[in-house]
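So the chains spell out like this:
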Amino acid sequence: MSQSALSKRPAALVVWWVIAAAELIEAYLVPSPGATLDVLTSKAGYLWQHTWVTTYETLLGFAIAVVVGVLAAVVMVYSSTVERTLYPILLFAQVVPKIAIAPLFVVWLGFGIAPKILIAVLIAFFPVVISMVTGLKAVDPEMLQLSATMGAKPWQTFVKIRFPASLPHLFSGLKVAVTLAVTGAVVGEFVGANEGLGYVILQANGNLDTPMLFAGLLVMSLIGVVLFVVVEIAEKLLLPWHASRRDTSATTTF
Amino acid sequence: MTMPKQQTTPRVPAVAGAGPAAGVRLTDVAVRFRSKKRDVTALSDVSLDVAPGEFVAIVGPSGCGKSTLLKLVAGLLTASSGDVLLGGERVTGPRHDIGYVFQRAALLEWRSALRNILLQAEIRRMEPAVARARADELIRMTGLGGFEDAYPHELSGGMQQRVALCRALLHEPPVLLMDEPFGALDALTREQMNTELNRIWRTTGTTVLLVTHSISEAVYLADRVVVMSPRPGTVTEIIEVGLPAERDYSETLGRPEFRAAAAHIRDLLGAVSAHD
């Protein structure tokens, strides 16, 4: 994020505080930052318990999406038949509004953790596949010709050349996927749950408990930001060669 | 900087694709590419006989099929007609008894210079100690010493191309194929690389096929220069350079044999494009 965006954050907080303090809007519609902070500290145990549930669903959904997405991408790149068969299905799964089919998953899978994870997987899966396919196809053709002259077996070419070469692309997909996975888990909680931040927000909404609603929203956003940063750190640690190049080409995302 | 033409390491045992210099023979080779719109004949009636240990340079205008010719020898492309032999064997698929250098170094950016060179050894399953010793020798020979742990993005174009050359020579290939290896380098680096390549060729004794746009590079380095005509590529003439194997750069460029060969090739290429 750029310098100017960083300096706008306290400004937004001030605007929020002024609106609440001057009672421009009724307190039950927009709570003051103080009231929200109050809920965050006094109900910390309650919030933490539900935050953990949402985080758990998000991480599990994200992990499944990464494994399945990477495998699907590899199979698609190595077999054009599979690619032709799988691509329309993937695209369909992507364009179907996940929020609209979420209630169906609750009917099928019950009120447990399963439908939340399924929705998180469905939402996070697409960017993983697309970025991995792009990465695997972006490999230098001369590099592949070279490995042919070295007598490389297909798995050697994959392990030593294609897979590592695809990682920078994969990571840009992972950054999108991890934030989407949070949305997926919360959508799952909205349509039928008795725990998780989605449930907390629905409850608070029903009780017109706006400070709690705002607290839930804040924590939820924080999960997304933290996971995004974790993926970025993982990228820097795993692909130091890529990060050092990127720093000079000024496409930093955070 | 004089080095006798000799083997400096004991022959690497049991490495696929290693061995003494091999000959290359192309007989009436033609290559046609078929696309939806039209058929393109990249090469037609190309015959060329390269002796083991010989250095042959190939020059010609862009699109005359010079690179295609190298890919045929490597087995990365199949001829539409005619025969390609490498070391007396017909080339039917990718050959492993060659080293290949492209215009771009094509290095793996997540590997250090040394580990890029050793990729060749890993894939061929060479004995690690033997491969390492050979890599160290090549690194010394190409002046890469001290840059073993540098990553490709930390190296200059010339250094990157040296790494690619070391990688191509690691398994002591009987034939080295080079496709405009110094085309992207500045003139000064290019001269340096030419001098080094001449020395490396004399040291390793390998057969070299070099595709280049530079007439002086071709004449300075090669025993014979193949001049090709534009599409469909054919061999216009093969010129014997007639210079000694060991060549000092500036001394060679002043020699009458060099000037005569270079002028002749320039005429041939000029005549070809004028005719075109």
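Per chain, residues are indexed from 1 in the order of the written sequence. Numbering of ligands from 1 and lettering of chains from A proceed in the order in which they are written. Two thresholds apply to this predicted model, a pLDDT of at least 70 for residue-level local features and 80 or more for giving and counting side-chain atom pairs, whereas whole-chain, interface and lining totals are computed over all residues. Processing note: side-chain calculations cover all non-hydrogen atoms of the structure and skip hydrogens and water entirely.

As annotated in an unreviewed UniProt entry, chain B is ABC transporter ATP-binding protein from Streptomyces globisporus.

1. Here we look at the UniProt feature "domain: ABC transporter" (unreviewed entry) in chain B
Rules: UniProt positions are given in the numbering used here, feature names are shortened, and annotations may be inferred rather than shown by experiment. Secondary structure elements are taken from DSSP: a helix is a run of H or I of four residues or more, a strand is a run of E of two residues or more, and numbering for both begins at the N terminus.
Mapped onto the present numbering, the UniProt feature "domain: ABC transporter" (unreviewed entry) falls on residues 24-255 of chain B. Annotation note: span residues 24-255 of chain B, helix share 34%, strand share 26%, distance between end C-alpha atoms 29 Å.

2. Considering the pattern of salt bridges
Note the following rule: For salt bridges, the criterion is a side-chain nitrogen of Lys or Arg within 4 Å of an Asp or Glu carboxyl oxygen. Note on exposure labels: buried denotes an accessible area under 20% of the residue type's maximum, exposed denotes more than 50%, and partly exposed covers the range between, all computed with a 1.4 Å probe on protein chains only.
Per the counting criterion, the structure on display carries 18 salt bridges over all chains. Between Lys137(A) and Glu83(A) there is a salt bridge; the shortest N-O distance is 3.0 Å. Placement of the pair is Lys137(A) in helix α6 (residues 114-137) and Glu83(A) in helix α4 (residues 80-95), with a sequence separation of 54 residues. Notably, a salt bridge pairs Arg190(B) with Glu217(B), separated by 2.7 Å at the nearest N-O pair. One end of the pair, Arg190(B), is in helix α5 (residues 187-204); the other, Glu217(B), is in helix α6 (residues 215-221), with 27 residues separating them in the sequence. Judged on exposure class, the residue Arg190(B) and its partner Glu217(B) are both buried. Here the salt bridges share partners, and the residues they tie into one network are Asp140(A), Glu142(A) and Arg104(B).

3. Quick notes on the nonpolar core
The criterion, for reference: Within this scheme, the nonpolar core is defined by two criteria: the residues are buried Ala, Val, Leu, Ile, Met, Phe, Trp, Tyr or Cys, and they are joined through side-chain atoms within 4.5 Å. Any pair of residues with heavy atoms lying within 4.5 Å of one another is described as a contacting pair.
Ranked by internal contacts, the top residues of the largest apolar core, which has 86 residues, are Leu26(B), Leu177(B) and Leu209(B). If we ignore the near neighbours within four places in the chain, the residues touching Leu177(B) are Leu70(B), Val73(B), Ala74(B), Ile98(B), Gly99(B), Tyr100(B), Val101(B) and Leu209(B).

4. Considering the domain arrangement of chain B
All names here are of chain B. So the rule is basically this: A domain assignment, automatic or from a database, supplies the domain bounds used here. A 1.4 Å probe defines the accessible area here, and the buried area is the portion of it lost by two parts on being joined, summed over both. Definition of a polar contact: a pair of N or O atoms within 3.5 Å, with one able to donate and the other able to accept a hydrogen when the atoms are protein atoms, and with sequence-neighbouring residues admitted only if both atoms are side-chain atoms.
According to the domain assignment, chain B contains domain 1 (24-97 + 174-275) and domain 2 (107-172). A C-alpha centroid distance of 25 Å is found between domain 1 and domain 2. Taken together, the contact between domain 1 and domain 2 spans 16 residues of the former and 13 residues of the latter. Summed over both sides, the interface between domain 1 and domain 2 buries roughly 1,100 Å², with carbon and sulfur atoms accounting for 67% of that surface. Area buried by domain 1 at its contact with domain 2 is led by Leu176, Met193 and Ile200, which between them contribute 34% of it. Where domain 1 packs against domain 2, one counts 1 salt bridge. Across the salt bridge formed by Glu196 and Arg162, the nearest N and O atoms sit 3.1 Å from each other. The tally of links between domain 1 and domain 2 comes to 5 residue pairs in polar contact (both at pLDDT 80 or more). Elements supplying a minimum of two residues to the side of domain 1 that touches domain 2: β7 (175-179) and α5. When residues of the side of domain 1 that touches domain 2 are assigned to their parent elements, the largest contribution, 9 residues, is made by α5.

5. Considerations on helix α9 (residues 197-206) of chain A
Residues and elements named next belong to chain A. We apply this condition: The directions from the helix axis to the C-beta atoms are what the arc is built from.
Buried within α9 we find Leu197, Gly198, Val200, Ile201 and Ala204. Looking straight down α9, one finds its buried side chains confined to an arc of 160°; they lie on one side. Against the buried residues of α9 lie α3 (44-78), α8 (154-190) and α10 (210-238). Looking one or two residues beyond α9, the residue adopting positive phi is Leu208, at roughly 50°.

6. Observations regarding the interface of chain B and chain A
Each side of the interface is counted separately: chain B has 22 residues, and chain A has 19 residues. Across the chain B/chain A interface, buried area totals approximately 2,100 Å², and carbon plus sulfur atoms make up 65% of it. The interface formed by chain B and chain A contains 3 salt bridges. One salt bridge connects Arg104(B) with Asp140(A), and the closest N-O pair in it is separated by 3.0 Å.

7. As for the confidence of the model for chain B
Counted only if it meets this: pLDDT measures how confident the predictor is about each residue, on a scale from 0 to 100.
When pLDDT is averaged across chain B, the result is 84; 91% of the residues are at 70 or more. Segment residues 1-14 of chain B is flagged for pLDDT under 50; beyond a separation of four residues in sequence, or across chains, it makes 23 contacts in the model.

8. Description of the pairing of strand β8 (residues 207-211) of chain B
Residue and element names in this part refer to chain B. Heads up, the rule is: Any two strands between which DSSP finds at least two bridges are classified as paired.
Among the 5 residues of β8, 5 are classified as buried, and the element is accordingly described as predominantly covered. Covered by surrounding structure in β8 are Thr207, Leu209 and Val211 together with Val208 and Leu210, the residues of both alternating faces. Bridge count for strand β3 (residues 55-59) against β8 is 4 bridges, and the pairing is parallel. Directly across from Val56, in β8, lies its bridge partner Leu209.

9. Section: the packing of aromatic side chains
This is how it is decided: For Phe, Tyr and Trp, where Trp contributes only its six-membered ring, two rings pair if their centres lie within 6.5 Å, and the inter-plane angle classes them as stacked under 30 degrees, edge-to-face over 60, or tilted in between. Charge over a ring is defined by NZ of Lys or CZ of Arg lying within 6 Å of the ring centre and within 35 degrees of the ring normal.
The final tally for this structure, using the stated rule, is 9 aromatic pairs over all chains. Geometrically, the ring pair formed by Phe158(A) and Phe163(A) is tilted, given 5.7 Å between the ring centres and 40° between the ring planes. Here Phe55(B) and Trp201(B) contribute two aromatic rings whose centre-to-centre distance is 5.4 Å and whose plane-to-plane angle is 90°, an arrangement assigned as edge-to-face. Here the residue Phe55(B) occupies a position in strand β3, and Trp201(B) occupies one in helix α5, the gap between them amounting to 146 residues. Of the two residues examined, Phe55(B) and Trp201(B), each falls in the buried class. Ring pairing ties together the aromatic residues Tyr78(A), Phe158(A) and Phe163(A), which thus form one cluster. Over the aromatic face of Tyr78(A) sits the side chain of Arg162(A), whose NZ or CZ is 5.3 Å from the ring centroid.

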